[in-house]
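One letter stands for each residue in the lines below.
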Amino acid sequence: MALLDIRNVSKNFGAIRALSEVSFALEPGEVVGLMGDNGAGKSTMVKLIAGNFPPSEGEIAVGGEVCHFHKPIEARGKGIEVVYQDLAIADNLTAAENVFLGREIKKGVWPFRVLDKQAMIERSAALFQELKSETRPRDLVKKMSGGQRQAVAIARTRLSQAKLVLMDEPTAAISVRQVAEVLELIRRLKSQGVTVMLISHRMPDVFAVSDRIIVLRRGAKVADKHTSETSPEEITGLITGAIRAA
Amino acid sequence: MPPEPAKASIETDHAAITDVVENREQTLLDKLFASQAFWVTIALAILYVGMALYEPNAFGTVENLANMTRNFAPFGIMAIGMTVVIITGGIDLSIGSIMGLVAIVAGLFLTWEYPWYIAFGAGLAAGLICGAVSGFFVAYVGMSSFVVTLGMMAIARSLAIVFSGNQMLYKFGPDAPIVKAIGQWRWPLHTPDSWLPHWLPQLSSHFWTMIIFALVAGFAFNFTAWGRHLFAIGGNEQAARLTGVPVDRIKFFAYVFSAFTASIASLLILGYSGSAINALGQSYELRVIAATVIGGANLMGGAGTAFGAVVGSALLEVIRNALLMAGIDSNWQGAFVGAFIILAVLLGMQSGGKSLIAATIERILPRKHR
Ligand SMILES: Nc1ncnc2c1ncn2[C@@H]1O[C@H](COP(=O)(O)OP(=O)(O)OP(=O)(O)O)[C@@H](O)[C@H]1O
Ligand SMILES: [Mg+2]
């Protein structure tokens, strides 16, 4: 059974049709690249799956069960973790505070149920180390580089046993070395049976880790091909519209 | 504050990065110097000592200290509530009017000879309802806090005037002594046989209430998930929502809490004066906002402390009192408070994560000297 089933999903923002009748399924342990030009509807797809807003038409099923998410936490409850394109980070908080935002570790009993800051700092430090990122848990995010901020957003997805990790351009602002780490992380997730949907404009990255590549063009799905059966040239053509569909 | 050299070098190699990044973590001292509340505390101390030396028999007396701490305490209490709202990125203009309404409702029940706790409970309920209405429209309907609380400011004041029949209420029935005792209670007391030294001021119930509020709020800001979420909402509301923070509920509660602090302040003043007027709290919102901002809260949201709220209120009171002692017409107060609010926002304007004061001091006093 498919882990995630997108059935004829459309999304309108007023007069703008960001997605139109898109269908695809993701299997457990599969890595799928989602590609498309700017404004093709990739982030909209991610936000639909993550429960930011409901689809205008069609339905989304997780583990065979149709879900109507109204809030991101509901999707998270189903094992869906997201790295948002804008990273969803509060600048005035530290790295560790951001990693644990919305699911803080607490200790003690009410009314003295307080944050376990030390535990959160240690756990974040371990996650950053795993990502080989020079990010320090106590530093304010405001003062961090783009790559460090991205590490914070990625570290979040490692807090729980996710079944599906959606990554919206996780490699956009980071160094070559860290890109390798993120790709390695994706492979590790896959080996643990976690499904990953990777959105990126970087063709080599997508080809390096994906089993399958889905291409969106102007909100419609124009291709869904195994990586071994396609080429960067063909995908480029599909993205730009030089090739109609495949 | 160290410079930001790390960005470029991350690309290259591992060892170099740690060398460069090493000193980026803030020390406690750095944080202290970067905090506006710290500099305001110093300004407050200098001003107080200076004035006490200049006018030892008027300003510098222990009685005047007790008076000043009682005078600013209601503002300090409300500034703590305002801080909560301002951290979320909102503003509450209705607190002064809520004070008037709470005083009139409680005063009416006392006039009707209800026991004091019923009267206080009714006043508190009226205040909390105002806060809940504002909170509902801001948090759940998504209206601007400025507009909603401006509306509530007019509504609550108008209700206070209507309910009071535009009369001052002071015939408080059998529980009048209890009400007065609450408002005029002091500790520690200077009794003739007391072992207490006389330089210790007899601090009012207003002051101690403020201290309790400040301690509880300070604890909540720093050690609870609620506090963490408050700052996250002010920093990036959308991010807070996406990560599962109950944004709407927390914003709603912020306005209820602000109204709660206004209600408590109102009841203390009611007890102290033994009367209720519908004009109570008029233009207090401005002083409270000024105090909050002077104490380091950022009107854009995401920053503020309970300590700063208290210190900001204290500074305004010391200035007000000093002006009074210097024989300056009390009608000038508004001009000073207004000028201060502008100055405080100017000083608090964030320049690269530090206050303008900290940035200026850094320029004058380079890091290696500290
Ligand atoms: N909240 C919104 N309200 C209105 N229109 C929106 C909203 N979100 C997205 N859109 C529109 O939907 C379309 C698809 O946007 P989307 O962000 O999904 O593109 P994308 O494929 O992620 O692009 P990029 O590569 O630039 O990130 C765009 O035309 C965009 O303007
Ligand atoms: Mg996008």
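The rules behind each value
- Residues numbered from 1 in each chain as written.
- Chains lettered and ligands numbered in written order.
- Predicted model: local features only at pLDDT ≥ 70, side-chain atom pairs only at ≥ 80, totals over all residues.
- Heavy atoms only, no water.
- Helix = DSSP H or I, 4+ residues; strand = E, 2+ residues; numbered from the N terminus.
- Buried < 20%, exposed > 50% of the residue type's maximum accessible area, 1.4 Å probe, protein only.
- Contact = heavy atoms within 4.5 Å.
- Areas by Shrake-Rupley, 256 points an atom, 1.4 Å probe, with all protein chains shown as cover.
- 1 Å grid on protein atoms, 1.4 Å probe; cavity = no way out; pocket = protein on both sides within 12 Å on 5 of 7 lines; lining within 4 Å.
- Points joined across faces, edges and corners; volume = space filled by probe spheres on them.
- Nonpolar A, V, L, I, M, F, W, Y, C, P; charged D, E, K, R; others polar.
- Donors = N, O, S within 2.8 Å, 3.2 Å for Na, K, Ca; no water.
- Pairing = 2+ DSSP bridges.
- Near = heavy atom within 4 Å.
- Polar contact = N/O pair within 3.5 Å; in protein donor to acceptor, adjacent residues only side chain to side chain.
- Phe/Tyr/Trp six-rings, centres within 6.5 Å; stacked < 30°, edge-to-face > 60°.
- Lys NZ or Arg CZ within 6 Å of the ring centre and 35° of its normal.
- Salt bridge = Lys/Arg side-chain N within 4 Å of Asp/Glu carboxyl O.
- Axes fitted to C-alpha atoms, helices over the stretch in contact; angles between N-to-C directions.
- Parallel < 35°, antiparallel > 145°, perpendicular 65-115°, else oblique.
- Left-handed = near helix turned anticlockwise from the far one by under 90°.

- Per an unreviewed UniProt entry, chain A is named Sugar ABC transporter ATP-binding protein, and its organism is Taklimakanibacter albus.

1. Quick look at the overall build of chain B
Next up, step 1: A count of helices and strands for chain B gives 17 helices and 2 strands.
Next up, step 2: Per-residue burial over chain B gives 51% buried out of 370 residues.
Next up, step 3: Taking the intrachain contacts of chain B between residues at least 6 apart in sequence as the baseline, contacts between residues at least 24 apart amount to 74%.
Next up, step 4: As displayed, chain B has an accessible area near 16,800 Å², and 69% of this comes from carbon and sulfur atoms.

2. What about empty space enclosed by the protein?
Here the idea is plain: a probe the size of a water molecule rolls over the atoms and shows the empty space left.
Next up, step 1: Summed over the entire model, instances satisfying the criterion amount to 5 cavities of 30 Å³ or more.
Next up, step 2: Around the largest cavity, the lining residues are A50(A), P72(A), R76(A), I80(A), E81(A), V82(A), Y84(A), R103(A), R156(A), L242(B) and T243(B).
Next up, step 3: Contributions of two or more residues to the lining of the largest cavity are made by α2 (72-77) and β6 (80-83) of chain A.
Next up, step 4: The greatest single-element share of the lining of the largest cavity, amounting to 3 residues, is contributed by β6(A).
Next up, step 5: For the lining of the largest cavity, the class distribution of residues is 6 nonpolar, 1 polar and 4 charged.
Next up, step 6: Approximately 80 Å³ is the volume attributed to the second largest cavity.
Next up, step 7: Going through the elements one at a time, α15 (306-325) and α16 (333-348) of chain B are the ones with two or more residues in the lining of the second largest cavity.
Next up, step 8: Tallied by class, residues from the lining of the second largest cavity come to 6 nonpolar, 1 polar and 2 charged.

3. Digging into the coordination of the magnesium ion (ligand 2)
Next up, step 1: Summarising the metal site, the magnesium ion (ligand 2) is bound by the protein donors S43(A) (OG) and Q85(A) (OE1), whose distances to it range over 1.9 to 2.1 Å. One end of the pair, S43(A), is in helix α1 (residues 42-49); the other, Q85(A), is in the loop between β6 and α3 (95-99), and 42 residues separate them in sequence.

4. A look at the pairing of strand β1 (residues 4-13) of chain A
Two faces, one strand: in a regular strand the side chains alternate between the faces of the sheet.
Residue and element names in this part refer to chain A.
Next up, step 1: Across 5 bridges, the pairing between β1 and strand β4 (residues 57-62) is antiparallel. Of the residues in β4, the one forming a bridge with L4 is V62.
Next up, step 2: Of the strand pairs in this sheet, β1 and strand β2 (residues 16-26) are connected by 7 bridges, and their pairing is antiparallel. Paired with I6 across the two strands is F24, which belongs to β2.
Next up, step 3: If you look at the hairpin formed by β1 and β2, you'll find 2 residues sitting between the two strands, and G14 has a positive phi there, around 60°.

5. Let's talk about the site of ligand 1
All names here are of chain A.
Next up, step 1: Taken together, 13 residues sit near ligand 1, with N38, G39, K42, S43 and T44 positioned nearest.
Next up, step 2: Within the backbone of A40, an N or O atom sits 3.2 Å from an oxygen atom of ligand 1.
Next up, step 3: Within the side chain of S43, one N or O atom sits 2.7 Å away from an oxygen atom of ligand 1.
Next up, step 4: Ranked by residue count, the leading element in the shell around ligand 1 is α1, at 3 residues.
Next up, step 5: Per-class residue counts for the shell around ligand 1 are 3 nonpolar, 7 polar and 3 charged.

6. Considerations on the packing of aromatic side chains
Residues and elements named next belong to chain B.
Next up, step 1: For the structure on display, the rule yields 22 aromatic pairs over all chains.
Next up, step 2: Relative to F257, the ring of F213 has its centre 6.3 Å away and its plane inclined at 50°; by these criteria the two rings are tilted. Of this pair, F213 sits in helix α10 (residues 205-223) while F257 is found in helix α13 (residues 247-273), placing the two residues 44 residues apart along the sequence.
Next up, step 3: Classification of F257 by relative accessible area gives buried; the value is 15%.
Next up, step 4: These aromatic residues form a ring-pair network of at least three members: F213, F221, W226, F231, F253, F257 and F260.
Next up, step 5: A cation over a ring is seen here: R287 above F75, with NZ or CZ 3.8 Å from the ring centre.

7. Observations regarding the environment of F120(B)
Residues and elements named next belong to chain B.
Next up, step 1: Among the structural elements, F120 can be located in helix α7 (residues 116-140).
Next up, step 2: In the structure, F120 is positioned 14 residues away from A106 in sequence and 5.4 Å away in space, judged by C-alpha atoms.
Next up, step 3: Every residue in contact with F120, bar those within four places of it in the chain, is listed here: V179, I182, L267 and L270.

8. Brief notes about the pattern of salt bridges
All names here are of chain A.
Next up, step 1: Scanning all chains against the criterion turns up 24 salt bridges over all chains.
Next up, step 2: Of the charged contacts in the structure, one is a salt bridge between R212 and E30, with a shortest N-O distance of 2.8 Å. Of this pair, R212 sits in strand β11 (residues 212-217) while E30 sits in the loop between β2 and β3 (31-36); the two residues are 182 residues apart in sequence, bridging distant segments of the chain. There is no split in this pair, since R212 and E30 are both buried.
Next up, step 3: With its nearest N and O atoms 3.2 Å apart, the salt bridge here joins R158 to E130. In this pair, R158 is assigned in the loop between α5 (146-156) and β9 (164-168) and E130 in helix α4 (residues 117-130), connecting sequence segments 28 residues apart.
Next up, step 4: In this structure R158 comes out as buried when scored by relative accessible area, which is 18%.
Next up, step 5: The exposure class assigned to E130 is partly exposed, which follows from its relative accessible area of 28%.
Next up, step 6: Connected through shared salt-bridge partners, E30, R212, K221 and D224 make up one network.

9. Considering the packing of helix α5 (residues 62-87) of chain B against helix α14 (residues 284-294) of chain B
Describing two packed helices takes the angle between their axes plus the distance from one axis to the other.
Residue and element names in this part refer to chain B.
Next up, step 1: α14 packs onto α5 with a crossing angle of 70° between their chain directions and a minimal axis gap of 9 Å. The pairing of α5 with α14 is recorded here as roughly perpendicular in orientation. Considering only the axes of α5 and α14, their crossing is right-handed. Along the contact surface, α5 presents F75, M78, A79, M82, T83 and I86, while α14 presents Y284, R287, V288, I289, A291 and T292.
Next up, step 2: Of the residues assigned to the contact of α5 with α14, the class counts are 9 nonpolar, 2 polar and 1 charged.

10. Focus on the environment of G76(B)
Residues and elements named next belong to chain B.
Next up, step 1: On the secondary structure map, G76 appears in helix α5.
Next up, step 2: The spatial distance from the C-alpha of G76 to the C-alpha of K31 is 23 Å, given a sequence separation of 45 residues.
Next up, step 3: Contact partners of G76, with chain neighbours within four places excluded, come to M210 and S313.

11. A word on the sheet that holds strand β10 (residues 195-199) of chain A
All names here are of chain A.
Next up, step 1: Taking strand neighbours across the sheet as the criterion, the 6 strands line up as β6-β9-β10-β3-β11-β12 in an open arrangement whose pairing is mixed. Unpaired on one side and paired on the other, β6 and β12 (220-226) mark the two borders of the sheet. Going across the sheet, the axis of each strand differs from the next one's by a mean of 15°, ignoring polarity.
Next up, step 2: Alignment of β3 against β10, held across 4 bridges, turns out to be parallel. Paired with L34 across the bridge in β10 is I199.
Next up, step 3: The strands that helix α6 (residues 176-191) touches are β3, β9 and β10; relative to β9, the one it contacts most, it runs at about 160°.
Next up, step 4: This element, helix α8 (residues 232-240), spans β3, β11 and β12 of the sheet and lies at about 25° to β11.

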